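As a plain string of letters, each chain reads:
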Amino acid sequence: MTDAIFALSTLYLVYTGFVFVLPVLVDKKEDYDIIRKYFPGEKVRLFLGFFGLGLAALIFLFPKGRLVFIGDLLPFVILLANSAVLLMGRIRLLKESDPAMLHKAERILGNLQIPLGFVSLATGLAHALFSKLLLL
């Protein structure tokens, strides 16, 4: 079971990292709109946000190594952050949201999404390649 949790968490980190950095990778808005069709809609984003929280809980409860928490510390933290960004992205799409809350969420997402995407990609790849190290 720990191998399945490890594989799912690594895929989740790489996938969400790629989705978060996609605006940087694409030059033209038309290309971004074409690629964006293949990424999840708002209901799937909500599911992925809760799925990431569940994965983080599973990593905490069933660590891959003998160390209970240290071995998966970085992926655990990044999974929580990615899940929070996905769930906050849902706020942008709600029409009945409070304008102040919408502005605050937009500012947080704008500042966090791309750096968190690069960190998530790096963490996911490092977690897959160097899983025997103490902090990965």
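Please refer to the structure higher up on the page.
This report concerns the structure included in the present document. (Residues numbered from 1 in each chain as written. Predicted model: local features only at pLDDT ≥ 70, side-chain atom pairs only at ≥ 80, totals over all residues. Heavy atoms only, no water.)

1. Here's the deal with helix H5 (residues 99–129)
Argument step 1. Given a rise of 1.5 Å per residue, 31 residues ought to cover 45 Å, and the 43 Å separating the end C-alpha atoms of H5 matches this to within 8%.
Argument step 2. Taking the largest bend as the criterion, H5 deviates by roughly 35°, centred on Gln-113, and proline Pro-115 comes between one and four positions later.
Argument step 3. Within H5, burial applies to Ala-105, Leu-109, Gln-113, Leu-116, Gly-117, Ser-120, Leu-121, Thr-123, Gly-124, Ala-126 and His-127. (Helix = DSSP H or I, 4+ residues; strand = E, 2+ residues; numbered from the N terminus. Expected span 1.5 Å × (residues − 1). Bend = angle between axes of the 7 residues up to and from the residue. Buried < 20%, exposed > 50% of the residue type's maximum accessible area, 1.4 Å probe, protein only.)

2. Looking at the packing of aromatic side chains
Argument step 1. In the structure shown here, the tally under the stated rule is 3 aromatic pairs.
Argument step 2. Their ring planes at 55° and their centres at 6.2 Å tell us that Tyr-12 and Phe-51 sit as a pair that is tilted. Of this pair, Tyr-12 sits in helix H1 (residues 2–25) while Phe-51 sits in helix H3 (residues 42–61), and the two are 39 residues apart along the sequence.
Argument step 3. A relative accessible area of 5% means that Tyr-12 is categorised as buried. (Phe/Tyr/Trp six-rings, centres within 6.5 Å; stacked < 30°, edge-to-face > 60°.)

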